[in-house]
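This is what each chain is made of:
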Amino acid sequence: MKTHNRRLDIALALGLAAFVLLPWYRIDGGFFGFGWLWVFPEDRAAAPGLVQITSFGKWWLMLPALTMMVAAAARFISDPARRGSLLAWAGAGGIVVLALQGLAIGFSGWNWTISEALFGALAEGQPSMGAGAVLAALVFVLLFAFGLAERGVMKGDAFVVSAISLLVFLVAVFVFYPVGSMLVGALQDFDGSFNPDGFTRNIIDPSIWSLDCVIGGGRCGVAWRTFWLAVMTAGGSTILGLAFALVATRTGFRYKRSLRLLTVLPIITPPFVVGLALTLLFGRSGVVTEALSTLTGVEPGRWLYGLTGIWIAQVLSFTPISFLVLIGVVEGVSPSMEEASQTLRADRWRTFWRVSLPLMKPGLANAFLIGFIESMADFGNPLVLGGSHGVLSTEIFFAVVGSQNDPSRAAVLAIILLCFTLTAFLAQRSWLSGRNFATVTGKGDSGAHAALPRTVSIAVHALVIPWALFTLVVYGMILVGGFVKTWGLDNSLTLAHYIKAFSVEIRDGGIAWTGVAWNSFWTTMEIALISAPLTAAVGLLTAYLIVRQRFAGRELFEFALMMSFAIPGTVIGISYIMAFNLPPLEMTGSALILVACFVFRNMPVGVRGGVAAMSQLDRSLDEASLTLRADSFRTIRKVILPLLRPAITAALVYSFVRAITSISAVIFLVSAEYNMATAYIVGLVENGEYGVAIAYSSMLIVVMIAVIAGFQLVVGERRLRRENRVQAVARAPVPLPQEKTA
């Protein structure tokens with residue numbers, strides 16, 4: 001009872017602070033500028049909610065204030081069931097009234113005609129929600145969760161119920177609300193009236209669904225082109241990712257550390273830079289193309305510009321993601337199971353095919369799904385190499401910012417993309433449903449991993465070594481380009497590009513960052529270092545809830561998270577602009593909108609990696625901790641997280657890198673104050689300053705490598721105690737592992 005009262009008292013104290021101690025509305029100069037402290041609480045713009053009600057006529061704020069008072073009254077009810085019911089209703093009611101008043105009242109008054117008819121015209125409206133309103137909303141969510149816990153939901157585990165409630169609330173605000181705003185806008189005319197004609201016209205457009213490539217030898221519609229490209233990219237990146245993981249963990253390859261670094265390089269590079277390097281190698285005037293033309297006399301072709309070139313660039317870019325997902329899964333396969341198979345006289349090939357590989361199914365399925373979704377949502381590679389072969393993401397971009405100016409078409413293409421990704425998601429769930437892949441348990445696990453079969457070892461080396469060499473050549477072109485005066489015209493070496501981008505001077509006893517790239521560089525590092533830990537934390541917490549908890553709407557919740565990852569970045573950027581440019585939440589031009597975009601756009605990778613890794617942790621570990629009276633939070637911190645270090649590293653690395661290298665969404669959300677590196681590099685390319693752009697990209701690669709190494713050092717490695725026992729010790733025969741069916 002004391003624990004229940006303590007957490008409720010803390011929540012109510014935060015609710016009081018939201019109405020009394022913080023500005024209710026958004027501060028123009030920014031909350032963390034703290035300029036509002038000089039005029040608080042008398043100033044209309046900086047006044048807290050209570051003063052807005054009593055002094056400035058914001059009578060509609062009385063509803064959330066009264067709801068908070070009802071929750072405070074529930075504190076003194078002794079019956080847990082009655083107290084829980086009242087808290088749950090007060091929390092839900094507070095969220096609803098906050099949302100309704102925020103949506104209904106804008107800058108100039110009522111936004112809805114029906115509201116004005118019912119309550120009359122308002123003398124003035126209200127600005128966007130600020131720190132006080134946001135804190136009040138979070139407190140209402142916690143009160144709702146505490147109420148459900150006291151009612152016995154999730155066995156009364158307040159931490160689990162609060163985590164689920166907060167995640168559902170955040171996903172609703174930062175995924176469903178912006179996408180819904182965009183879709184509603186697609187069904188409206190420019191004056192806001194309902195008109196579905198544009199939506200209907202685009203959904204039956206033959207250029208989207210044409211099958212001429214199958215029937216008459218023509219070109220497929222953009223939907224089918226994108227689908228087949230995604231299937232090929234997902235298959236190629238998954239196979240290569242598995243090959244890299246096997247070479248790094250199951251072979252005696254001498255350069256394993258270098259190999260791990262090499263697999264990370266493509267993911268830490270702006271995508272258009274990889275496309276540019278491929279163009280310099282294999283374009284009509286590329287180094288390789290001209291060399292082959294000179295040797296063979298064959299006229300250079302344009303084979304790179306189309307689906308083939310996009311596929312090469314995407315596999316190059318997304319193989320590291322598959323590797324990061326699969327490396328922990330391959331390491332997590334129990335050696336004792338492989339030894340049991342060999343004890344029963346199975347050879348290395350049969351052991352690998354019937355024991356090791358089936359236990360990697362969660363990782364393989366997740367790697368394929370992520371590769372498929374990444375390919376569907378990729379924007380940079382198709383923009384550089386697609387030529388006339390557009391895909392869904394580029395078509396959406398041109399429908400929004402091109403001469404078409406057709407938001408209905410953009411919405412239709414986004415819905416089609418979601419249908420494809422949803423199908424892949426459901427197929428993956430169907431393949432893995434009803435099976436158990438736990439390999440890390442609370443029991444002793446001894447032995448060493450079985451060696452790969454000779455044919456498998458030869459095959460993975462035959463894949464990995466040429467691809468590694470190809471990657472080195474691509475990055476050699478990138479690094480050299482920063483030192484070349486003018487690409488293709490004057491190949492003499494120079495440091496002018498680096499000096500222009502990153503020059504530093506000593507002025508008045510201090511450091512002056514005089515390079516043109518420093519402003520966007522420091523902004524990018526700040527945003528990335530803030531968003532990466534948040535993305536990893538939210539993603540892994542979500543993975544824990546999905547794998548370990550059973551609650552109503554779990555499948556819908558998981559799909560909602562994947563939907564944020566499946567939507568092209570261009571659509572995310574446009575939807576955020578449409579949703580967060582006006583009340584109730586105005587964040588455009590701020591760092592907050594960039595952080596929110598990165599967290600909820602990149603979180604699914606942490607979720608899928610966490611799900612794959614957590615599927616290998618036996619539930620008995622959780623149950624043992626809970627049996628010893630540890631709560632869920634302590635179990636996660638002391639038992640689960642130490643065993644998820646590969647997944648934590650993958651989530652941190654990927655979210656940090658994507659925050660730096662993303663372009664499709666960022667290009668719509670940057671501002672003069674918060675200009676990200678990729679948007680700045682695009683501007684350099686548009687101005688023809690390719691040398692400075694490559695120099696900037698090279699510097700980003702070096703910095704990201706250093707930060708990734710730091711993440712690895714801080715997180716550490718998962719240590720599973722596996723001792724090599726003396727082979728002469730007699731072992732009882734152990735049956736081959738079998739998949740458990742539901």
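Structure: above.
Residues numbered from 1 in each chain as written. Predicted model: local features only at pLDDT ≥ 70, side-chain atom pairs only at ≥ 80, totals over all residues. Heavy atoms only, no water.

1. Comments concerning the overall build of the protein
Turning to step 1, where the next piece is worked out: Of regular secondary structure, the protein possesses 33 helices and 4 strands.
Turning to step 2, where the next piece is worked out: Taking all 742 residues of the protein together, 53% fall into the buried category. (Helix = DSSP H or I, 4+ residues; strand = E, 2+ residues; numbered from the N terminus. Buried < 20%, exposed > 50% of the residue type's maximum accessible area, 1.4 Å probe, protein only.)

2. Structural notes on unusual backbone geometry
Turning to step 1, where the next piece is worked out: With omega at 5°, the peptide bond leading from Phe 40 into Pro 41 counts as cis.
Turning to step 2, where the next piece is worked out: Take Pro 41: it is sitting in the loop between α1 (2-20) and α2 (49-55).
Turning to step 3, where the next piece is worked out: Positive phi outside glycine occurs at Met 154, with the angle close to 55°.
Turning to step 4, where the next piece is worked out: Positionally, Met 154 belongs in the loop between α6 (131-150) and α7 (158-186).
Turning to step 5, where the next piece is worked out: The phi angle at Lys 155 is positive, at roughly 60°, despite the residue not being glycine.
Turning to step 6, where the next piece is worked out: Along the chain, the position of Lys 155 falls in the loop between α6 and α7.

3. Observations regarding the pairing of strand β4 (residues 510-513)
Turning to step 1, where the next piece is worked out: In terms of strand pairing, strand β3 (residues 504-507) meets β4 through 4 bridges, oriented antiparallel. Across the sheet, the residue bridging to Ile 506 is Ile 511, located in β4.
Turning to step 2, where the next piece is worked out: In textbook terms, the turn of a hairpin is the stretch between consecutive antiparallel strands, and for β3 and β4 this stretch comprises 2 residues, one of which, Asp 508, has a positive phi near 50°. (Pairing = 2+ DSSP bridges.)

4. What about the environment of Arg 7?
Turning to step 1, where the next piece is worked out: Along the polypeptide, Arg 7 turns up in helix α1.
Turning to step 2, where the next piece is worked out: Assessed through its relative accessible area of 19%, Arg 7 is described here as buried.
Turning to step 3, where the next piece is worked out: With 135 residues separating them in the primary sequence, Arg 7 and Leu 142 have C-alpha atoms 9.6 Å apart.
Turning to step 4, where the next piece is worked out: With residues up to four places along the chain from it excluded, the contact list for Arg 7 reads Phe 146 and Ala 158. (Contact = heavy atoms within 4.5 Å.)

5. Considering the pattern of salt bridges
Turning to step 1, where the next piece is worked out: Inspection of the entire model under this criterion finds 5 salt bridges.
Turning to step 2, where the next piece is worked out: Across the pair Arg 658 and Glu 374 runs a salt bridge whose closest N-O atoms are separated by 2.8 Å. Placement of Arg 658 in helix α30 (residues 645-661) and of Glu 374 in helix α18 (residues 361-377) is noted, with a sequence separation of 284 residues between them.
Turning to step 3, where the next piece is worked out: In this structure Arg 658 comes out as buried when scored by relative accessible area, which is 13%.
Turning to step 4, where the next piece is worked out: Bridged by salt links that share partners, the residues Arg 44, Lys 58 and Glu 124 form one connected network. (Salt bridge = Lys/Arg side-chain N within 4 Å of Asp/Glu carboxyl O.)

6. A word on the environment of Leu 357
Turning to step 1, where the next piece is worked out: For Leu 357, the position within the fold is in helix α17 (residues 348-359).
Turning to step 2, where the next piece is worked out: In sequence terms Leu 357 and Val 333 are 24 residues apart; their C-alpha atoms lie 9.1 Å from each other.
Turning to step 3, where the next piece is worked out: With near-sequence residues (within four places) excluded, Leu 357 lies in contact with Leu 242, Phe 352 and Leu 364.

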